[in-house]
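The residues making up each chain are set out below.
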Amino acid sequence: METQPSRLQQLLAFYQDEPNDPFTIYALATEYKATEPLRALEYFQKLLVEHPDYVGTYYHAGKLLEQIQKPEEAEKVYREGLRVSRQAGQMHAASELQQALNQCLGLDYEDD
């Protein structure tokens, strides 16, 4: 009996067939995020360089950078994501990025 390939195996096969497909690169980054954050970061960085208009990358790349203790890099990613998302008219993404940036900078406070 043949076993089904894992989601990661399927994504890697898609990536091998189309290494420039931003959705597949994003999916691989997301898949690796929990178990291999540095590998995930490589895929996020590839998206940021080769597909800078792929707005969804910025939030998740920034969060990952914060997770691996690189807040200055996260801040840069959030700020660039804000610029790109606003330019693309994606205001919901811009709002999420602004909140993430504020949190990264310690500006997220709650009233007591």
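So, here is what we can say about the structure in this document. Along each chain, residues carry numbers from 1 onward, in the same order as the chain's sequence is written. It should be noted that, the model being predicted, local features are given only for residues of pLDDT at least 70 and side-chain atom pairs only at 80 or more, the latter also being counted only at that level, while totals for whole chains, interfaces and linings use all residues. The side-chain figures draw on all heavy atoms in the structure; neither hydrogens nor water molecules are used.

Numbered from the N terminus, helices here are DSSP runs of H or I no shorter than four residues, and strands are runs of E no shorter than two. Assigned secondary structure in the protein consists of 6 helices and 0 strands. Traced from its N-terminal end to its C-terminal end, the protein shows the element sequence α-α-α-α-α-α. Principal axes of the C-alpha set define a box for the protein whose edges measure 60 × 30 × 20 Å. The buried share among the 112 residues of the protein stands at 32%. Across the protein, contacts joining residues at least 24 apart in sequence account for 42% of those joining residues at least 6 apart. Accessible surface is estimated by sampling points in the Shrake-Rupley manner with a 1.4 Å probe; for residues, cover comes only from the protein chains shown. Total accessible area on the protein stands at roughly 7,500 Å², and carbon and sulfur atoms take up 49% of it. When charges are tallied, Lys and Arg are placed among the positive residues and Asp and Glu among the negative ones, while His and the ends of the chain are skipped. The location of each charge is read from NZ of Lys, CZ of Arg, CG of Asp or CD of Glu. Considering the protein, the positive charge centre built from 10 side chains and the negative charge centre built from 19 side chains are found 4 Å apart. Exposure categories follow from relative accessible area, calculated using a 1.4 Å probe and restricted to protein chains: below 20% of the type maximum is buried, above 50% is exposed, and the middle band is partly exposed. Residue contacts are counted whenever heavy atoms from the two residues lie within 4.5 Å of one another.

In this section: helix α5 (residues 71-87). In a helix, the anticipated span is given by 1.5 Å times the number of residues less one. Taking 1.5 Å of rise per residue, 17 residues should cover 24 Å, and α5 covers 24 Å from first to last C-alpha, within 8% of that figure. Those residues of α5 not exposed but buried are A74, V77, Y78, G81, L82, V84 and S85. Buried residues along α5 sit in contact with α3 (37-50), α4 (56-67) and α6 (91-104). G89 lies just past α5 and shows a positive phi near 75°.

As a further point, take the pattern of salt bridges. Any Lys or Arg side-chain nitrogen located within 4 Å of an Asp or Glu carboxyl oxygen qualifies as a salt bridge. For the structure on display, the rule yields 7 salt bridges. As a salt-bridge pair, E31 and R7 come within 2.8 Å of each other at their nearest N and O atoms. Highlighted residues: E31 in helix α2 (residues 22-33) and R7 in helix α1 (residues 7-17), separated in sequence by 24 residues. Of the charged contacts, one joins K63 and E66 as a salt bridge, the two residues approaching to 3.9 Å between their closest N and O atoms. Linking K63 with E66, this pair stays in helix α4, spanning 3 residues, or about one helical turn.

Our next topic: the environment of P37. Here P37 shows up in helix α3. Linking P37 and Y15, residues 22 residues apart in sequence, is a C-alpha distance of 18 Å.

Stacked, edge-to-face and tilted are the three classes for Phe, Tyr and Trp ring pairs, Trp counted by its six-membered ring, which pair at centre distances within 6.5 Å; planes under 30 degrees apart are stacked, over 60 edge-to-face, the rest tilted. Tallying each qualifying case throughout the model produces 4 aromatic pairs. Ring centres 6.3 Å apart and planes at 70° place the aromatic pair Y26 and F44 in the edge-to-face group. Taken together, the positions of Y26 in helix α2 and F44 in helix α3 put the pair 18 residues apart, joining distant regions of the chain. Relative accessible area serves as the criterion here: at 18%, Y26 is assigned to the buried category. Both rings, one in Y32 and one in Y43, keep their centres 5.9 Å apart while their planes meet at 5°; by these two values the pair is stacked. Taken together, the residues span a long stretch of sequence, with Y32 in helix α2 and Y43 in helix α3 at a distance of 11 residues. The pair Y32 / Y43 is uniform in exposure class, with both members buried. Two limits define a charge over a ring: the Lys NZ or Arg CZ must be within 6 Å of the ring centre, and within 35 degrees of the ring normal. One cation-aromatic arrangement involves R39 over Y32; the distance from NZ or CZ to the ring centre is 5.2 Å.

Take it as geometry only, folks, not as evidence of what the structure does.
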